Amino acid sequence: MRGTVTAANGMACRDPAAADTIRENRMPEPTPPSVAITLAQVARIADVGRAAVSNWRRRHTTFPAPVGGTDTSPLFDQAQVEEWLRAQGKLSDAEEDSLERVWPLFEALADRDLMATAVTAVARGTGATGIALEDDTLSAGQRHAVERALLLAGKDGGPDTVGQLVERWLSTHVRQITATPMPLAALMADLAHTVHALDAERSDTLATGEATLLDPACGAGGLLLAAAQRWGEGGPALALHGQDRDQALVSLATARLATDPATAGHRRTVVAGDTLRAPAVGEADVVLCNPPYNERDWGHEELATDPRWALGIPPRTESELAWVQHVLSTLKPGGTAVLLLPPGVAARRAGRRIRAGLLRRGVLRAVIALPPGAAPPHAVALHLWVLHRPAGDGRTPGDHLLLVDTAREEVHGNGRTGIVWDALRTSVLTAVRSHEAETSGELPTGSTSVPVMALLDDQVDLTPARHVPAPAAEAGLRLRRSWGRFGGLLQQVQDLSRTLSAWELTVGEPSGAPFASVEELERAGALSLRAGRSPEALPLRRDVVADGGVRLLTVADVTPRHPSGAWLPADAAAAAEAARTLTVTRPGEIVVVGATRAFAAWVDTDAPTALGPQLYAVRTDPALLDPWFLAGCLNSPANARQAGSHASTVSRIDVRRLQVPRLPLDEQKRYGEAFRLLNAFDTALGEAEDVGRGLVHAIGDALGAASLAPGS
């Protein structure tokens, strides 16, 4: 039997009629495939915390029995769970098709390639002509997942649905796949566009006619998508070409490019194959590439006589330099390339001959050191290499190399708030414009232009940190400011310590005040408790937070009590909160961490803050509970120990079991003020430690460079 599912055009946003059309024409599926889901997935489907699901299991004998898993990690049939939730009034019909309910159908396929094929089918189904789902092309499980996803696409729009499915696929297989983060992809596209535009006198290819953009190791297509977004609208016609040896990634890249509005009207071709052994694209105007690193079997022997190795045969251990020469060979005259490479490529002895050749030919224009965390592996400060092929107009290639060390820029929030992408972009592009335009103006801090001849020594070390000087005047000013800040913090610590040390510790019998649990206070209406939500499906950003932006706080960020670099625009946060897919705090609310390893509770004075999983927002009735008193009591380590749950392999805190003394409101406020002072003392101590350690490092660097004279 052959069935057809017809979807409305996915490029048109949110058409309720599209979902009705799909339902009317969906292939008969009398027995949908059984899908097993975890407790965490049940919680996400029901839009509650995991503790609530555990409570339902204990209180309701009708809750579906596990169909697999273990006692500590049970699995449940999704259809049975949804039926039970609907019967209990905990699942609305309006949420019939949500990503949290659709994605488990893809996970149930239990194979990365089958999942990718299904996502690709969704992308084809959101096209203008619909898609025929045939028995001999998709399994019953794939077809069921695609049908449900098409219903979601009819409601939310094809591009949004496909984009979310691709992101979920990438996050599910994060240990197997290395994807370029979109902020970095956008920076690479901006960088290539800037260099190419500044070279317009030698090559105006991108100004007229069709421009060819290539990613020879395209993965899921992130760099091609960033390039299309940078060049597409109002620019020349584009030919977007990608190649990758992983067929699953080729399918996803095809799906992504086919549905994103930025690629509409442009040619798109993504093929499977080993680029180094069998390149599928000839010449290109722009190449963006994040090649695989540290490969041994890249074709060293079989490609030994390849004409691409004009600068020398890459050593077996230098696969990245094989990619550099391959990319250079694909560039048209006047073409530009930006590659993301590990830092060792700039300094390893085995590659010095090829690096020297790149410098002599003037094709390597810049090496930019990114701050750690810009892309996987996050602990490494990766480099961007900018290549530019001379236009062949007789003009002398550049005799200087631009070196930029962004690790010395204030672009990574002191390691707490993540990379400030806007600041990083401004720093890098300002340096590139100044260098490429050959102006006499000074380069920005953290960059330098080094004569090629000065680099052609025995090492040919192109590591920016070895060449970018630290400006003495600026370093001295920062040092003086740090000492001033450190002195102020020490004074604050001393003032608070005098207040706290004056308190008398009463040793004897307990006060005898009765205790109430958070659950009892919630039932009494003294407080309300809301669980944090998974941010995976939200349009998170990681650049400079705009006015009104809402920062995301996760368990990993709790120790320093500073949100991660992720944030949401105000309108997106409001929409997600209204749709009950996001939990956002209000001023005066309490944040409680339900993870044992990072348990904490505090009044959120920086609200609004979006909370991730295992975090809770507590709102008190000010006529019954003082927030500082409640936060201080909840934050007690002894309180957390008695509320700990060890029913699974991961220890958690059952927030509803935390205990609070029953005291009159006046007494609560007295204790609340004490807790507020204690919190201020803790914050001042932490900041003083941070500033002090920064001073130690700065003074050590200055002494080591003999730029700071020690006193007698």
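Please refer to the structure placed before this passage.
Parameters at a glance
- Residues numbered from 1 in each chain as written.
- Predicted model: local features only at pLDDT ≥ 70, side-chain atom pairs only at ≥ 80, totals over all residues.
- Heavy atoms only, no water.
- Helix = DSSP H or I, 4+ residues; strand = E, 2+ residues; numbered from the N terminus.
- Buried < 20%, exposed > 50% of the residue type's maximum accessible area, 1.4 Å probe, protein only.
- Areas by Shrake-Rupley, 256 points an atom, 1.4 Å probe, with all protein chains shown as cover.
- Contact = heavy atoms within 4.5 Å.
- Polar contact = N/O pair within 3.5 Å; in protein donor to acceptor, adjacent residues only side chain to side chain.
- Axes fitted to C-alpha atoms, helices over the stretch in contact; angles between N-to-C directions.
- Parallel < 35°, antiparallel > 145°, perpendicular 65-115°, else oblique.
- Left-handed = near helix turned anticlockwise from the far one by under 90°.
- Nonpolar A, V, L, I, M, F, W, Y, C, P; charged D, E, K, R; others polar.
- Core = buried A, V, L, I, M, F, W, Y, C linked by side-chain atoms within 4.5 Å.
- Phe/Tyr/Trp six-rings, centres within 6.5 Å; stacked < 30°, edge-to-face > 60°.
- Salt bridge = Lys/Arg side-chain N within 4 Å of Asp/Glu carboxyl O.
- Pairing = 2+ DSSP bridges.
- 1 Å grid on protein atoms, 1.4 Å probe; cavity = no way out; pocket = protein on both sides within 12 Å on 5 of 7 lines; lining within 4 Å.
- Points joined across faces, edges and corners; volume = space filled by probe spheres on them.

### Notes on the overall build of the protein chain
The helix and strand inventory of the protein chain stands at 21 helices and 26 strands. Counting every position in the protein chain, which comprises 712 residues, the buried fraction comes to 48%. Only carbon and sulfur atoms are counted for the fraction: they give 52% of the accessible area of the protein chain, which is about 32800 Å².

### Some remarks on the environment of Arg 268
By the element assignment, Arg 268 lies in strand 8 (residues 267-272). For Arg 268, a relative accessible area of 37% translates into the label partly exposed. Distance from Arg 268 to Gly 242, taken between C-alpha atoms, is 8.3 Å for residues 26 residues apart in sequence. Apart from the residues lying within four places of it in its own chain, the contact partners of Arg 268 are Leu 240, Leu 257, Ala 258 and Thr 263. A distance of 3.1 Å separates a polar side-chain atom of Arg 268 from the backbone oxygen of Thr 263. Only 3.4 Å separates the side chain of Arg 268 from the backbone oxygen of His 266, close enough to count as a polar contact.

### Concerning the packing of helix 2 (residues 39-46) against helix 4 (residues 78-87)
The geometry of helix 2 relative to helix 4 is characterised by a closest axis approach of 11 Å and an angle of 40° between their N-to-C directions. Judged on the interaxial angle alone, helix 4 and helix 2 are oblique. Where helix 2 crosses over helix 4, the two elements pack in a sense that is right-handed. Of helix 4, the residues touching helix 2 (which contributes Val 42, Ile 45 and Ala 46) are Gln 78, Val 81, Glu 82 and Leu 85. Residue composition of the contact of helix 2 with helix 4, by class: five nonpolar, one polar and one charged.

### Observations regarding the nonpolar core
Membership of the largest hydrophobic core comes to 45 residues, with the highest contact counts inside it found for Leu 85, Phe 106, Val 122, Leu 165 and Trp 169. Counting residues in hydrophobic clusters, the runner-up holds 40 residues, among them Ala 322, Val 324, Leu 328 and Val 367.

### Topic: the environment of Thr 330
With respect to the secondary-structure elements, Thr 330 resides in helix 12 (residues 319-330). Along the primary structure Thr 330 and Arg 389 are separated by 59 residues, whereas in three dimensions their C-alpha atoms are 9.7 Å apart. Each residue touching Thr 330, except ones within four places of it in the same chain, is listed here: Leu 214, Gly 282, Glu 283, Ala 284 and Val 287.

### Section: the packing of helix 6 (residues 112-125) against helix 8 (residues 158-172)
Two elements in contact, helix 6 and helix 8, have axes whose closest approach is 10 Å; the angle formed by their N-to-C orientations is 170°. Judged on the interaxial angle alone, helix 8 and helix 6 are roughly antiparallel. Residues Arg 112, Met 115, Ala 116, Val 119, Val 122 and Ala 123 of helix 6 pack against Val 162, Leu 165, Val 166 and Trp 169 of helix 8. The class makeup of the residues in the contact of helix 6 with helix 8 is nine nonpolar, no polar and one charged.

### A look at the packing of aromatic side chains
Scanning the model with the defined rule gives five aromatic pairs in all. Measuring from centroid to centroid gives 5.8 Å for Trp 56 and Trp 84, while their planes differ by 50°, and the two rings are tilted. With a gap of 28 residues between them, Trp 56 in helix 3 (residues 50-59) and Trp 84 in helix 4 connect regions that are remote in the sequence. Judged by its relative accessible area of 8%, Trp 56 is buried. Seen from their ring centres, Trp 298 and Trp 309 are 6.1 Å apart, and the 85° between their planes marks the pair as edge-to-face. Of the two residues, Trp 298 sits in the loop between strand 9 (284-289) and helix 12 while Trp 309 sits in the loop between strand 9 and helix 12, which places them eleven residues apart along the sequence. This pair shows no difference in class: Trp 298 is buried, exactly as Trp 309 is.

### Concerning helix 2
Helix 2 sits mainly inside the fold: six of its eight residues count as buried. All of the buried residues in helix 2 are Leu 39, Gln 41, Val 42, Ala 43, Ile 45 and Ala 46. Buried residues belonging to helix 2 abut strand 2 (36-37), helix 3, strand 4 (74-77), helix 4 and helix 5 (99-107).

### A word on the pattern of salt bridges
Two side chains of opposite charge can pair, provided their charged atoms sit close to one another. Applying the stated criterion to the full structure yields 26 salt bridges. Arg 112 is paired through a salt bridge with Asp 113; the nearest N and O atoms lie 3.3 Å apart. Arg 425 is the salt-bridge partner of Asp 190, the closest N and O atoms lying 2.7 Å from each other. Taken as a pair, Asp 190 in helix 9 (residues 182-198) and Arg 425 in helix 14 (residues 421-436) lie far apart in primary sequence, 235 residues in all. Residue Arg 425 is classed as partly exposed on the basis of its relative accessible area of 33%. Within the structure, one salt-bridge network assembled from shared partners comprises Asp 274, Arg 277, Asp 297 and Glu 302.

### Overview of the sheet that holds strand 6 (residues 210-215)
Here we have nine strands laid out as an open sheet, ordered 8-7-6-9-10-12-11-13-14, and mixed in their pairing. The open sheet is flanked by strand 8 and strand 14 (447-451), the only strands paired with a single partner. The average undirected angle you get between the axes of adjacent strands in this sheet is 15°. Relative to strand 7 (residues 237-244), strand 6 is paired through six bridges, and the arrangement is parallel. Following the sheet pairing, Ala 211 is matched in strand 7 by Leu 238. Against the sheet, helix 14 touches strand 11 (364-369), strand 13 (400-405) and strand 14, its axis set at about 165° to strand 13.

### Side note on empty space enclosed by the protein
On inspection of all chains with the given rule, the structure shows two cavities of 30 Å³ or more. Taken as a whole, the largest cavity holds about 40 Å³ of empty space. Lining of the largest cavity is provided by Leu 214, Pro 216, Gln 243, Thr 275, Pro 279, Ala 280, Val 281, His 326 and Thr 330. Here the lining of the largest cavity is composed, by residue class, of five nonpolar, four polar and no charged. Counted as a void, the second largest cavity has a volume near 30 Å³. Lining the second largest cavity are Val 195, Arg 365, Ala 366, Val 386, Leu 402, Val 432, His 435 and Glu 436. When contributions to the lining of the second largest cavity are tallied by element, the ones reaching two or more residues are strand 11 and helix 14. Examining the composition of the lining of the second largest cavity, we find that three residues originate from one element, helix 14, more than from any other. Grouping the constituent residues of the lining of the second largest cavity by class yields five nonpolar, one polar and two charged.

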